[in-house]
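Spelled out, the chains give:
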Amino acid sequence: MRFSRWCRVPWVRALLAGLYVVALAAAVPHGAGGHARQGDWTSEEARRFWGPTRMSDAAGDDSEDGSGTEAARRRAAQRITTSARHFAGVPTVGVIFYVGQDLKDHHCTASVVHSPKGNLIITAGHCGLGDDAAFVPGYRSGADRQPYGIWPIDRTFTDPRRDDYGDGSDLDVAFATVTTDERGRPIERVTGANRLVRTPGFTNVVTVVGYPASDADPADQAVRCTALTSRLEGHQQMKMRCDGFYSGTSGSPWFTRFDDRKGVGDIAGVLGGLNGGGPDGEDSDRVSYSPLNGDDVFALYLDAINGREPRRD
């Protein structure tokens, strides 16, 4: 919803804000604020919950005056880096490890994604989360206490057609639910959450955040990179070139919009896909892949929020 300049008048702005809240409340299905609801969500309810998810929402408009998407891509392209850099991380992205092992043995990256119950994370399908897996958002190596807690994973959802090398590698995405904390809070209330969006296309400027395994990167710290994506030929996948995404970064979110201040963004993909998310050989840590978020990913998302076993014909 766009307002013209006349809405800068205070009383008009307040009136429009009130009308917007009422309209939003009518559009969001009951329970979308993180509380359980009866019955399954439908595709129509999910669309209403998210609002527009295609290009008009995920990327903005391509205005001729240079204020739209293409101009933003050109500006962002000037800041593209060829190597990942270490940083302090964000609350919504963290590591997966198996309970009973040292936290340093984390093997995949995951991120919190907005959901009706506020209990959902997204990662790569090949990460193979088991019964003893847990998620540590905003992971700090060697810390006596993790800043946002440790969240046991209680159920994982993957597409049964997924594989590592064929067309099924286009489906290398997984969702998982995590238990509430000792105060009964869902993870989204503690860390915030990212938004799942449809991938606008094969060419995007993305910010990727991940956690390399400590045996590959002794710093044992989050890394980030801004990269320009292109198509992985023969697959419904993007690829990017950025050094430093070693093993352990599978499942890293690919943000098409990322708010540094809030530490959240729009997830248009996750590191994974063909061959576990990248080529073998000398480019294994330099080139990474991500499946596109299309109908199959959103169908899996619906399975996860409805708590039903994914079944495909």
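Just above sits the structure.
In this report, the structure presented in the accompanying data block is examined. (Residues numbered from 1 in each chain as written. Predicted model: local features only at pLDDT ≥ 70, side-chain atom pairs only at ≥ 80, totals over all residues. Heavy atoms only, no water.)

Turning to the environment of Gly269, a few remarks are in order. Here Gly269 shows up in strand E14 (residues 264-270). Sequence separation between Gly269 and Gly294 is 25 residues, and the spatial gap between their C-alpha atoms is 9.7 Å. Excluding residues within four positions of it along the chain, Gly269 makes contact with Met238, Ser252, Pro253, Trp254, Ser290, Pro291 and Asn293. (Helix = DSSP H or I, 4+ residues; strand = E, 2+ residues; numbered from the N terminus. Contact = heavy atoms within 4.5 Å.)

Glancing now at the side chain of Thr109. Topologically, Thr109 is positioned in strand E3 (residues 108-112). Once you skip the residues sitting within four places of it in the chain, Thr109 turns out to touch Val93, Gly94, Thr123, Val209, Gly210, Tyr211, Gly248, Thr249, Ser250, Gly251, Ser252 and Pro253.

Once that is clear, we can look at the state of the cysteines. For the structure shown, the criterion picks out two disulfides. The side chain of Cys108 participates in a disulfide bridge whose partner is Cys127; the two sulfur atoms lie 2.1 Å from each other. In this structure the cystine formed by Cys108 and Cys127 twists about its S-S bond by roughly -95 degrees; its chirality is therefore left-handed. In this pair, Cys108 is assigned in strand E3 and Cys127 in the loop between strand E4 (120-123) and strand E5 (133-137), connecting sequence segments 19 residues apart. Judged by relative accessible area, which is 3%, Cys108 ranks as buried. A sulfur-sulfur separation of 2.0 Å characterises the disulfide bridge that pairs Cys225 with Cys242. (Disulfide = S-S within 2.5 Å. Buried < 20%, exposed > 50% of the residue type's maximum accessible area, 1.4 Å probe, protein only.)

On to the sheet that holds E5, then. Read once around its circumference, the closed barrel built from six strands follows the order E2-E3-E4-E7-E6-E5, with strand pairing classed as antiparallel. Neighbour-to-neighbour, the strand axes of this sheet turn through a mean angle of 40 degrees, independent of strand direction. Bridge analysis of E4 against strand E7 (residues 174-178) gives four bridges, and the strand direction is antiparallel. Along E7, the bridge assignment pairs Ile121 with Ala176. Docked against the sheet, helix H6 (residues 295-306) engages E4, strand E6 (151-158) and E7, running at close to 20 degrees with respect to E7. (Pairing = 2+ DSSP bridges. Axes fitted to C-alpha atoms, helices over the stretch in contact; angles between N-to-C directions.)

This part covers the sheet that holds E14. In a beta sheet, neighbouring strands pair by backbone hydrogen bonds and run either parallel or antiparallel. Spatial strand order, E1-E10-E9-E13-E14-E8: six strands in an open sheet with mixed pairing. Of all the strands in the sheet, just strand E1 (85-86) and strand E8 (195-196) have a single pairing partner and so form its edges. Bridge count for E8 against E14 is two bridges, and the pairing is parallel. Paired with Arg195 across the bridge in E14 is Asp266.

Read these as spatial facts, not as claims about activity.
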